Amino acid sequence: MLDQKTLAVLAMALGAFAIGTSEFAAMGLLPFFAADLGITEPQAGHVISAYALGVVVGAPLTSILGARLPRRRYLAGLIAFFGVMNLASALLPGLSALTATRFLAGLPHGGFLGVSMLMAADAMPFEQRGRGTAQILMGLTVANIAGVPLAGALGQGIGWRWGFALPGVLGLIAAVLILRLAPRVGVRPGIRPLAELSALRNPAVLLTLAVGAIGFGGLFAVYSYLSAAMLATTSAPGWGVPLALSAFGVGGTLGNLGVARLTERWGQFPTALRAMLFMAATQAFASFAVGDWRAMVLSAFLLGLGSGMVIPLQTRLMDVAGEAQSMAAAMNHAAFNAANALGPWLAGLALAAGWGWRSSGLVGVGLSLAGIVALGLAWLHARRQSSPVAEVPKNCPA
């Protein structure tokens, strides 16, 4: 029998599952709503960008507005708003309405995932906080295994609007469950909403966010063009692309679980460095795999394994954000959405220049190496600050 604390984490993970399904399924639904609305695919791409922009804008905004709310009500309100906006995307006609509702659906993304991770981490012993974070991220990775293919099947079979309706309904269910199951903890006394902005003036926080915004761009540079590259360069069966997308989700699930334990064992910086090196290697392999659909499915799995790098970065933010925990956690997801814009944009420039489908992997390697540089700067800053939480374990070189 599961205890209430575990059930509360599962309710928050369901919200993360809804968010992951909505975010990634939108990319697969793009050809269908573009055709239905009578627009080009580049125009339809603005709908994807609108969601990412909503995440970036919403992360600091929701952190300030929700600072005086109990976390239970804050999370339930965010995921309910997310659900309503997804249903609006499914129901309202026209490109303008779809773009606006996707922007609004992105607003709760960072705040919900960030505070959910904080609550899950707080439910674990201090040295096992990474496992708490991984439990919420499981919702995102499992979404790529089950939610995204299901939303895609609905969109292809009975209409693209159903692909947005599915995460909308799941978001509303998650809101009800969170209200019923999450612990009733009051607001910290003396909390000042604008104090959350201190995270944006903290060099340790900003450097950690830069690692994610740059380093994760490599993963998105490859993943965003994986399906198109497979269709353009291979004779993969009809189920080849869905298999690759599911393989990415399986890899992400295993990667999050494994990196959570490695963070506990090795520490934040050593684990993040190894994860970044692994990501660079998988992106190089992705470039090599182009043209062989079986190798590209394996590449998708390996790319997913590297996504666990979010865990050492999230736990690092918990240590350095001080009283601005909610803001830092939310901005972490804003940073990854910035990476989701940076990586595909640079890979798109390489493709437009005629460098071929293999170039997305090379762009990915470059961004991962740049992320390692950012990680080195964050480590040097931590050393200069002589913070106990920043020290690298003596038995594991950075």
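Residues numbered from 1 in each chain as written. Predicted model: local features only at pLDDT ≥ 70, side-chain atom pairs only at ≥ 80, totals over all residues. Heavy atoms only, no water.

Per the secondary structure count, the protein chain includes 16 helices and zero strands. The buried share among the 398 residues of the protein chain stands at 55%. Contacts in the protein chain between residues far apart in sequence, at least 24 positions, make up 83% of those at least 6 positions apart. Looking at the protein chain as shown, the accessible area adds up to about 16300 Å², and 69% of this sits on carbon and sulfur atoms. (Helix = DSSP H or I, 4+ residues; strand = E, 2+ residues; numbered from the N terminus. Buried < 20%, exposed > 50% of the residue type's maximum accessible area, 1.4 Å probe, protein only. Contact = heavy atoms within 4.5 Å. Areas by Shrake-Rupley, 256 points an atom, 1.4 Å probe, with all protein chains shown as cover.)

We now examine the nonpolar core. Core analysis: the largest hydrophobic core is formed by 79 residues, its most contacted members being Ile 19, Leu 75, Ile 79, Phe 112, Ile 136 and Ile 178. The element that contributes the greatest number of residues to this core is helix H1 (residues 4-37), accounting for nine residues. With near-sequence residues (within four places) excluded, Ile 19 lies in contact with Tyr 51, Ile 79, Phe 82, His 109, Phe 112, Leu 113 and Leu 140. Counting 15 residues, the second largest nonpolar core, distinct from the first, contains Leu 317, Val 320, Met 327 and Ala 328. (Core = buried A, V, L, I, M, F, W, Y, C linked by side-chain atoms within 4.5 Å.)

Quick look at the side chain of Ser 287 now. Relative to the helices and strands, Ser 287 resides in helix H12 (residues 268-289). Overall, the relative accessible area of 8% leaves Ser 287 in the buried class. The contact partners of Ser 287, leaving out residues within four places of it in the chain, are Arg 358, Gly 361 and Leu 362.

What follows deals with the packing of aromatic side chains. Applying the stated rule across the entire model yields eight aromatic pairs. With a centroid separation of 5.4 Å and 85° between ring planes, the pair formed by Trp 239 and Trp 293 is classed as edge-to-face. Placement of Trp 239 in the loop between helix H10 (226-233) and helix H11 (240-266) and of Trp 293 in helix H13 (residues 293-306) is noted, with a sequence separation of 54 residues between them. Residue classification places Trp 239 among the exposed residues on the basis of a relative accessible area of 51%. Chaining the aromatic ring pairs together yields one cluster made of Phe 33, Trp 160 and Phe 164. Residue placement shows Arg 274 over the ring face of Trp 266; its charged tip is 4.5 Å from the ring centre. (Phe/Tyr/Trp six-rings, centres within 6.5 Å; stacked < 30°, edge-to-face > 60°. Lys NZ or Arg CZ within 6 Å of the ring centre and 35° of its normal.)

Let's shift gears to the environment of Leu 226. With respect to the helices and strands, Leu 226 occurs in helix H10. Beyond its immediate sequence surroundings of up to four residues, Leu 226 is in contact with Ala 244, Met 296 and Ala 300.

In this section: the side chain of Thr 234. Considering the arrangement of structural elements, one finds Thr 234 in the loop between H10 and H11. One polar contact links the side chain of Thr 234 to the main-chain carbonyl oxygen of Met 230, over a distance of 2.6 Å. Separated by 3.3 Å, the side chain of Thr 234 and the backbone nitrogen of Ala 236 make a polar contact. Not counting residues within four places of it along the chain, the set of residues in contact with Thr 234 comprises Ala 229, Gly 291, Asp 292, Trp 293 and Met 296. (Polar contact = N/O pair within 3.5 Å; in protein donor to acceptor, adjacent residues only side chain to side chain.)

Counting all residues, the mean pLDDT for the protein chain is 83, and 89% of those residues have values of 70 or more. For the protein chain, helix H6 (residues 129-157) is the element with the lowest average pLDDT, namely 77, and H12 is the one with the highest, namely 94. Taken as a whole, residues 387-398 scores under 50 in pLDDT and shows 21 contacts with residues more than four places along the chain or in a different chain. (pLDDT = per-residue confidence, 0-100.)

Here the focus is the packing of helix H3 (residues 71-91) against helix H7 (residues 160-181). Where H3 meets H7, the axes come as close as 7 Å, and the angle between the chain directions of the two elements is 160°. What the angle tells us is that H3 and H7 run roughly antiparallel. Crossing handedness for the pair H3 and H7: left-handed. Each residue belonging to the contact of H3 with H7 can be placed in one class, and the counts come to 19 nonpolar, five polar and three charged. (Axes fitted to C-alpha atoms, helices over the stretch in contact; angles between N-to-C directions. Parallel < 35°, antiparallel > 145°, perpendicular 65-115°, else oblique. Left-handed = near helix turned anticlockwise from the far one by under 90°. Nonpolar A, V, L, I, M, F, W, Y, C, P; charged D, E, K, R; others polar.)

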